[in-house]
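Take a look at the letters that make up each chain.
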Amino acid sequence: MNGSTLKLGIPAGSLQEATGELFCKAGYKITFASRSYYPSIDDPEIQCTLIRAQEMPRYVADGSLDCGLTGHDWIMENEADVKEVAELVFSKVSRRPVRWVLAVPEDSPVRGVKDLQGKRIATEVVSLTRRWLKQNGVEAHVEFSWGATEVKPPRLADAIVEVTETGSSLRANNLRIVAELMQSTTRFISNHAAYADPWKRQKIDDLVMMLQGAMAAEGKVGLMMNVPAAVLQAVVAVLPALQKPTISSLSDPEWVAINTIIDENTVRHIVPQLKQAGARGIVEYPLSKIID
């Protein structure tokens, strides 16, 4: 250890638990203590700070943090000059990107962006919304919403710009989507000066590699089996391998060993086919990381 420390921002709020789980799968144990904004991590060269994803780009851009995880939407909202090191497609509900959408009450006359002229729009992404309206040649009053944005139309706003993954909350509040402003996924970002530092850059790149490896392994399992050489091609034909399966020689020249990676939800369909094709000694094992 050379005394250097990487200042890492962990997103507080809805992404906090998912981030902790991802780091755990990547081999890092983060411990969140109640009422503390400084989680502990089992790497003495990393110092963690809990920061809302909305603010993360600003603190990374100004060097208060070396790096952190936040949404692409918050980078755009803050117009932050940061290095986007990697895209990490994970969220609190699904693997799909989140969407920022314009929504209005079901009975609203608003059918398109042009109908927003002179209207009042409530949102947490004021800058994004204003830029989008300007691009469409529309002038409207955009005001910051501190939360519970879905309940503001029609009394407190004519429309809202809100983030959604499934759209269920909007539907529950009797709102319909008029337009999509942008899609966003989680990004690992770095301060430019920090990424220019050789030690910090290596530390960041190693961390990102392990996080991506953990994500790549989700939903995958390993399969290994012994196969008579005479039916090798028939067995291989059954396998929808992530890459070409590894085939190794055994002490008996008439048999080979196969090792491969498949989707976990296909195992129950494939294993019977493999046995029917001639595979024996089939073993399924869990994967923690896949590093390309």
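Throughout what follows, the structure given in this document is the object of discussion.

Definitions and limits used
Residues numbered from 1 in each chain as written. Predicted model: local features only at pLDDT ≥ 70, side-chain atom pairs only at ≥ 80, totals over all residues. Heavy atoms only, no water. Helix = DSSP H or I, 4+ residues; strand = E, 2+ residues; numbered from the N terminus. Contact = heavy atoms within 4.5 Å. Areas by Shrake-Rupley, 256 points an atom, 1.4 Å probe, with all protein chains shown as cover. Pairing = 2+ DSSP bridges. Axes fitted to C-alpha atoms, helices over the stretch in contact; angles between N-to-C directions. Salt bridge = Lys/Arg side-chain N within 4 Å of Asp/Glu carboxyl O. Buried < 20%, exposed > 50% of the residue type's maximum accessible area, 1.4 Å probe, protein only. Expected span 1.5 Å × (residues − 1).

When its secondary structure is counted, the protein chain shows 9 helices and 16 strands. Its C-alpha atoms give the protein chain principal-axis dimensions of roughly 80 × 55 × 35 Å. Long-range pairs, those at least 24 residues apart, make up 70% of the contacts in the protein chain between residues at least 6 apart in sequence. Of the roughly 15,500 Å² of accessible surface on the protein chain, 49% is carried by carbon and sulfur atoms.

On to the sheet that holds strand S16 (residues 280-286), then. Across the sheet, 4 strands lie side by side as S14-S15-S13-S16; this open sheet has antiparallel pairing. Of all strands in the sheet, those with a lone pairing partner are strand S14 (246-249) and S16, marking the two edges. Ignoring which end each strand starts from, the neighbouring axes of this sheet average 20 degrees apart. Looking at chain direction, S14 and strand S15 (residues 255-263) are connected through 4 bridges and run antiparallel. Its bridge partner being in S15, Ser249 is matched across the sheet by Val256. Contacting strand S13 (220-228), S15 and S16, helix H9 (residues 267-277) crosses the sheet at an angle of about 160 degrees to S16.

With that settled, consider the pattern of salt bridges. This structure, assessed with the given rule, holds 13 salt bridges. As a salt-bridge pair, Asp66 and Lys200 come within 3.1 Å of each other at their nearest N and O atoms. With Asp66 in the loop between helix H2 (56-61) and strand S5 (67-71) and Lys200 in helix H7 (residues 198-217), this residue pair connects regions lying 134 residues apart in the sequence. For the residue pair Asp66 and Lys200, the accessibility class agrees, reading buried in each case. Via salt bridges that share partners, Asp43, Glu45 and Lys203 belong to a single interconnected network.

Here we come to the sheet that holds strand S4 (residues 46-52). Reading across from one edge, S4-S1-S5-S12-S6 is the order of the 5 strands in this open sheet, with mixed pairing throughout. Sheet topology places S4 and strand S6 (83-88) at the edges, where each strand pairs with a single neighbour. In this sheet, neighbouring strand axes are inclined to one another by 30 degrees on average, regardless of whether the strands run parallel or antiparallel. Judged from the 7 bridges that link them, strand S1 (residues 6-12) and S4 form a sheet pairing that is parallel. Its bridge partner lying in S4, Pro11 is registered against Ile51. With respect to the sheet, helix H1 (residues 16-25) is in contact with S1, S4 and S5, its orientation differing from that of S1 by roughly 135 degrees. Each of S1, S4, S5, S6 and strand S12 (186-190) touches H7; the most contacted strand, S6, lies at about 15 degrees to it.

On to H7, then. The end-to-end C-alpha distance of H7 is 29 Å, a good match for the 28 Å that 20 residues give at a rise of 1.5 Å each. Among the residues of H7, those classed as buried are Lys200, Lys203, Ile204, Leu207, Val208, Leu211, Gly213, Ala214, Met215 and Ala217. Of the residues flanking the end of H7, it is Gly219, one or two places downstream, whose phi is positive at about 80 degrees.

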